[in-house]
Amino acid sequence: MASIFTRIINKEIPCEFLYENENLIVIKDINPKAKIHLLIIPKKEIPSINELEKEDKEILSDMFFTAKKIASDLKISEGYQLHFNVWPKGWQEVMHLHLHLLSDL
Ligand code: 5GP
């Protein structure tokens, strides 16, 4: 079954995209834990960091460069947090890789 994020990527569930390119989308977290809480989500349904393959290097790199660009666009480069939760015992609820970007600026 497709993950909730794949359904958002496929536009089966309405959601505002802040940014999109061939590898990923950026959306607002539905339950923000900070003033700004975004999710950077690859279009490829990689479950988590544990399932990353060498061939995913470009996607992962794009996720980090996108985080840097979004932080600059939103003028929060002075302070933000990036994190991955990994597997349910590492607080991951949605098993589709995503990078959290949070800031209170
Ligand atoms: P995780 O705990 O897996 O690292 O984070 C999943 C995040 O996805 C949570 O912060 C949760 O609020 C967010 N989330 C879950 N379902 C949806 C949704 O349908 N839309 C959006 N925008 N965020 C979601």
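Everything below is about the structure shown above.
A brief structural summary. (Residues numbered from 1 in each chain as written. Predicted model: local features only at pLDDT ≥ 70, side-chain atom pairs only at ≥ 80, totals over all residues. Heavy atoms only, no water.)

### Some points on the overall build of the protein chain
We count it as follows: A helix here means a DSSP run of H or I that spans at least four residues, while a strand means a run of E at least two residues long, and both kinds are numbered starting from the N terminus. In this description the radius of gyration comes from C-alpha coordinates, and the expected globular size is given by 2.2 Å times residues to the power 0.38. Any residue under 20% of the maximum accessible area for its type is buried, any over 50% is exposed, and the rest in between are partly exposed; the area is computed with a 1.4 Å probe on protein chains only. Any two residues whose heavy atoms approach within 4.5 Å are treated as being in contact. Here the Shrake-Rupley method, with its probe set to 1.4 Å, supplies the accessible areas, and only the displayed protein chains count as covering residues. Counted as positive: Lys and Arg. Counted as negative: Asp and Glu. His and the chain ends are not counted at all. Lysine's charge is taken at NZ, arginine's at CZ, aspartate's at CG and glutamate's at CD.
Along the protein chain, the regular secondary structure elements total two helices and five strands. Counting from the amino terminus, helix and strand elements in the protein chain follow one another as α-β-β-β-α-β-β. By the compact-globule yardstick of 13 Å for 105 residues, the protein chain fits well, its C-alpha radius of gyration being 13 Å. C-alpha atoms of the protein chain, sized along the principal axes, occupy 35 × 30 × 30 Å. Buried residues in the protein chain amount to 40% of all 105 residues. When contacts within the protein chain are restricted to residue pairs at least 6 apart in sequence, long-range pairs at least 24 apart make up 53% of them. Accessible area of the protein chain: about 6,600 Å², with a carbon and sulfur share of 55%. Charged side chains in the protein chain number 13 positive and 16 negative. The centres of these two groups are separated by 3 Å.

### Considering the layout of surface pockets
For the record, the criterion: Put plainly, a pocket is an open set of points on a 1 Å grid over the protein atoms alone with protein on both sides within 12 Å along at least five of seven lines, a cavity is a set where a 1.4 Å probe fits but cannot get out, and a lining residue has an atom within 4 Å of a point. Grid points are joined across faces, edges and corners, and a volume is the space filled by probe spheres set on the points. Here the nonpolar group is Ala, Val, Leu, Ile, Met, Phe, Trp, Tyr, Cys and Pro; Asp, Glu, Lys and Arg are the charged ones; every other residue, Gly included, is treated as polar.
In this structure, the largest pocket occupies an estimated 470 Å³ of space. Considering the residues around the largest pocket, the lining is formed by 22 residues, among which Phe 5, Asp 29, Ile 30, Leu 39 and Val 94 are closest to the centre. Among the elements of the structure, helix 1 (4-9), strand 2 (24-28) and strand 3 (36-42) are those that each provide at least two residues to the lining of the largest pocket. Residue composition of the lining of the largest pocket, by class: 11 nonpolar, seven polar and four charged.

### Looking at the side chain of Asp 29
Worth spelling out the cut-off: Any pair of nitrogen or oxygen atoms within 3.5 Å is treated as a polar contact; in protein, a donor-acceptor pairing is required on top of that, and neighbouring residues in sequence qualify only through side-chain atoms on both sides.
For Asp 29, the location among the structural elements is in the loop between strand 2 and strand 3. Side-chain polar atoms of Asp 29 contact the backbone nitrogen of Asn 31, separated by 2.8 Å.

### Focus: helix 2 (residues 57-73)
We count it as follows: Expected helix span is computed as 1.5 Å times (number of residues minus one). This arc describes the spread of directions from the helix axis toward the C-beta atoms.
Taking 1.5 Å per residue, 17 residues should reach 24 Å; helix 2 reaches 24 Å between its end C-alpha atoms and fits that length. Taken together, the buried positions of helix 2 are occupied by Ile 59, Asp 62, Met 63, Thr 66, Ala 67, Ile 70 and Ala 71. Relative to the axis of helix 2, the buried residues are bounded by an arc of 165° and lie together on one face. Pointing more than 90 degrees away from the buried face of helix 2 are the exposed residues Lys 57, Glu 58, Phe 65 and Lys 68. For helix 2, the elements touching its buried residues are strand 1 (17-20), strand 2, strand 3, strand 4 (81-83) and strand 5 (99-103). Just past helix 2, the residue Lys 75 takes up positive phi, approximately 60°.

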